Amino acid sequence: MTATKNVVVDQALCQGHGKCYLFVPEVFEVADDYGHSRTHAIVDDDDAALRTRVNNAIRSCPEDAISWRKSHHHEAEGA
Amino acid sequence: MADSMFTSFDHRTPPIGPDGTPFQYYEALRDVAVAGNPIGWSEHHNGFWVVAGYPECHEIMQNHDTFSSAAVTFPAYQTGEKNTLMLAGMDEPVHKKYRSLVIQPFSPRQATDTEEELARSTNELIDGFIANGATDIAKSICYEIPGRITALSLGLPQGDGDRYRQWTDAMAHLFTTDPEGAAAIVGEMHEYFSDAIDEKRRNPGNDIISMVIASELDGERLTHEELMGFCIVLLLGGIENSVKMLSTALWRLAWDVELRRRMIDKPEMLNSAVDEFLRYYTPAGVGRVVLEDTEVAGVKMRKDDIAFLMLPCANRDPRQFPYPDVLIPDRTPNRHLSLGTGIHRCIGTHLLRVEGRVVLTEFLRRIPEYELDRTQQSVWATGQVTGMVEVPIVFPAGAR
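First things first, this report covers the structure right here in the doc. In this numbering scheme, every chain counts its residues from 1 along its sequence in written order. Chain letters start at A and ligand numbers start at 1, both assigned in the order the entries are written. Owing to the predicted nature of the model, reporting of local features is limited to residues with pLDDT of at least 70; listing and counting of side-chain atom pairs is limited to 80 or more, with chain, interface and lining totals taken over all residues. In computing side-chain values, all of the structure's heavy atoms are included and hydrogens and water are not.

Turning our eyes to something else, we now look at the overall build of chain B. Per the secondary structure count, chain B includes 16 helices and 14 strands. The C-alpha radius of gyration of chain B comes to 21 Å, within 12% of the 21 Å expected for a compact globule of 400 residues. The C-alpha extent of chain B, read off along each of the three principal axes, is 60 × 55 × 40 Å. Three labels apply to residues, based on accessible area from a 1.4 Å probe with only protein chains included: buried if under 20% of the type maximum, exposed if over 50%, partly exposed otherwise in between. Among the 400 residues that make up chain B, the fraction classed as buried is 60%. Any two residues having at least one pair of non-hydrogen atoms within 4.5 Å are treated as being in contact. Considering only residue pairs separated by 6 or more positions, chain B has 73% of its internal contacts joining residues 24 or more positions apart. With residues, only the protein chains shown are counted as cover, and all accessible areas are computed by Shrake-Rupley using a 1.4 Å probe. With the model as given, the accessible surface of chain B reaches about 16,000 Å², and the carbon-plus-sulfur share is 50%. Charged residues are defined here as Lys and Arg on the positive side and Asp and Glu on the negative side; His and the ends of the chain fall outside this count. In plain terms, the charge of a residue is placed at NZ if it is Lys, CZ if Arg, CG if Asp and CD if Glu. Once the 38 positive and 57 negative side-chain charges of chain B are each reduced to a mean point, those two points are 4 Å apart. Numbered from the N terminus, helices here are DSSP runs of H or I no shorter than four residues, and strands are runs of E no shorter than two. We compute the radius of gyration from the C-alpha atoms alone; for a globule the expected value is 2.2 Å times N to the 0.38, where N is the number of residues.

Pasting the structure below:
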């Protein structure tokens, strides 16, 4: 068990569309006035429902800015 | 076949189908795009590329080094300015500097703060016609709310919202049919905003105009032209799309009883439904200017060519959206392009979502049963930003 967040928002790509924190507020939150997003929670391996919603957020992001952290075993999910 | 569809294509005057919208035609063009011709050449407006596929539109929007926003409105709206349209028509690095000045008032938190005023305003408008049992909802609500909210954020009287609509109409539509009439109306607008800017200089308030007046760019205060540019683009951006999104959504909910009942049962679904309305009835496309010879999907584009991104087709592309021609209110993921992607992502996104959710929630709460008035016509406006502009309805009369 590690405290590292397993979902990341690439700050260079995020443009603040806000879909991720609108639909999955348990994991994403507003980071600044621009509406940029960041994650604030770790997605539990056993929480399949939440993992599905995070995968939807990843596929919803108009900038492809969200991903499972590399080296994490969820990397290939939803591909 | 494919050729002929593109050749005669004019995004400003699509044929309206039996459902009262141009989407049957857009779907046909989309079918051509998906069959292997995502980009074609139209002979209108001195010739331009029509980009009708999702991946191609997405690629071009992301590639702002090769595709300039100078032709974001195409043919260009007549705003009476010497310069290019503020923010929306600008490229980097200038665009980013200006954008940073007005980001804060459009933050998600600020959008949420307008919720109460939006609900109050919507209910006040409903009070005005609920005893009649009939109204044109486009005119009585959808035209009113965006004008009021835009006035509020600019720090101008909400009652002026009415005039704003006339001005946006002149800049975006009237200029094609009556350039002189449009120029006169746009002149009025310049006078109004000049006075407003002078007034805010003397008595600054907690509003966007005052904020921009007080800000500096590279150590310099903004010029009158720049301040005017902000007023004009916030007016265009705040009103045109929102009016049509709201009118078209309420029109759909008037006859799609099943969808309406689902919304009433699960108002929280409106969050995702607003995005789905924006995808399904995409109000607008955007233009780009090619800055250097390039190639997209095997199509060679030359420097100075215009590429018009037909987002209403791209947002129905089955390569991106399963069942693209079905309106799925809780569709997810929903990576539609109606609010842009990349550096020009709509600055009012958060406000628009709150606007859509609150207006639809309040309307359905007060008037859960209503239908189209079949003795009259609903009217779809064409132009670069399209959507319903007249939606006469009837409902059981009486105050609720």
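It is worth spelling out helix α2 (residues 23-34) of chain B at this point. Residue and element names in this part refer to chain B. Take the number of residues in a helix, subtract one, and multiply by 1.5 Å to get its expected span. Taking 1.5 Å of rise per residue, the 12 residues of α2 would be expected to cover 16 Å, and the 16 Å separating its terminal C-alpha atoms lies within 8% of that figure. Taken residue by residue, α2 has F23, Y25, Y26, L29, R30, V32 and A33 as its buried positions. Viewed along the axis of α2, the buried residues span an arc of 165 degrees, placing them on a single side of the element. Residue G36 follows α2 closely and has a positive phi angle near 120 degrees. The reported arc concerns the directions from the helix axis to the C-beta atoms and nothing else.

Taken residue by residue, the interface counts 19 residues in chain A and 23 residues in chain B. For the pair chain A and chain B, the summed buried surface comes to about 1,700 Å²; carbon and sulfur atoms form 50% of the total. One side-chain nitrogen of Lys or Arg within 4 Å of one carboxyl oxygen of Asp or Glu is enough to make a salt bridge. Summed over the shared surface of chain A and chain B, the result is 2 salt bridges. Residue K19(A) is joined to D275(B) by a salt bridge in which the shortest nitrogen-to-oxygen separation is 3.9 Å. The term polar contact refers here to a pair of N or O atoms within 3.5 Å; inside protein, the definition further demands a hydrogen-donor-capable atom paired with an acceptor-capable atom, and it admits residues adjacent in sequence only when both atoms are side-chain atoms. On inspection of chain A and its partner chain B, the count reaches 14 residue pairs in polar contact (both at pLDDT 80 or more). If you list the elements that add at least two residues to the side of chain A that touches chain B, you get α1 (19-23) and α2 (48-60) of chain A. Buried area is understood as the total, over both parts, of accessible area removed when two parts are fitted together, assessed with a 1.4 Å probe.

Our focus in this paragraph is the sheet that holds strand β11 (residues 371-372) of chain B. Residue and element names in this part refer to chain B. By definition, two strands form a pair when at least two bridges between them are found by DSSP. If you trace the 3 strands from one edge of the open sheet to the other, you get β4-β14-β11, paired in antiparallel fashion. Whereas interior strands pair on both sides, the edge strands pair on one side only; in this sheet they are β4 (134-136) and β11. With 3 bridges joining them, β4 and strand β14 (residues 392-394) adopt antiparallel strand pairing. Following the sheet pairing, A134 is matched in β14 by V394.

Buriedness of a pocket was judged along seven lines, with at least five required to meet protein on both sides within 12 Å; pockets are open sets of points on a 1 Å grid over the protein atoms alone, cavities are sets where a 1.4 Å probe fits but cannot get out, and lining residues have an atom within 4 Å of a point. Grid points are joined across faces, edges and corners, and a volume is the space filled by probe spheres set on the points. Evaluation of the coordinates by the stated rule reveals 8 cavities of 30 Å³ or more. If you add up the space inside the largest cavity, you get close to 940 Å³. As for the largest cavity, its lining consists of 44 residues, of which A88(B), G237(B), N241(B), C346(B) and I347(B) are closest to the centre. Mapped onto the lining of the largest cavity, the elements with two or more residues apiece are α4 (94-101), α8 (144-154), α12 (224-255), β7 (286-290) and α16 (349-366) of chain B. For the lining of the largest cavity, the element with the highest residue contribution is α12(B), accounting for 8 residues. Under the grouping applied here, Gly and all other residues not named as nonpolar or charged are polar, the nonpolar ones being Ala, Val, Leu, Ile, Met, Phe, Trp, Tyr, Cys and Pro and the charged ones Asp, Glu, Lys and Arg. Of the residues belonging to the lining of the largest cavity, the class tally is 24 nonpolar, 15 polar and 5 charged. As a volume, the second largest cavity reaches approximately 110 Å³. Lining of the second largest cavity is provided by 17 residues; of these, C14(A), H17(A), G18(A), C20(A) and C61(A) occupy positions nearest its centre. The set of elements that each furnish at least two residues to the lining of the second largest cavity consists of α1 and α2 of chain A. The element that contributes the greatest number of residues to the lining of the second largest cavity is α1(A), accounting for 3 residues.

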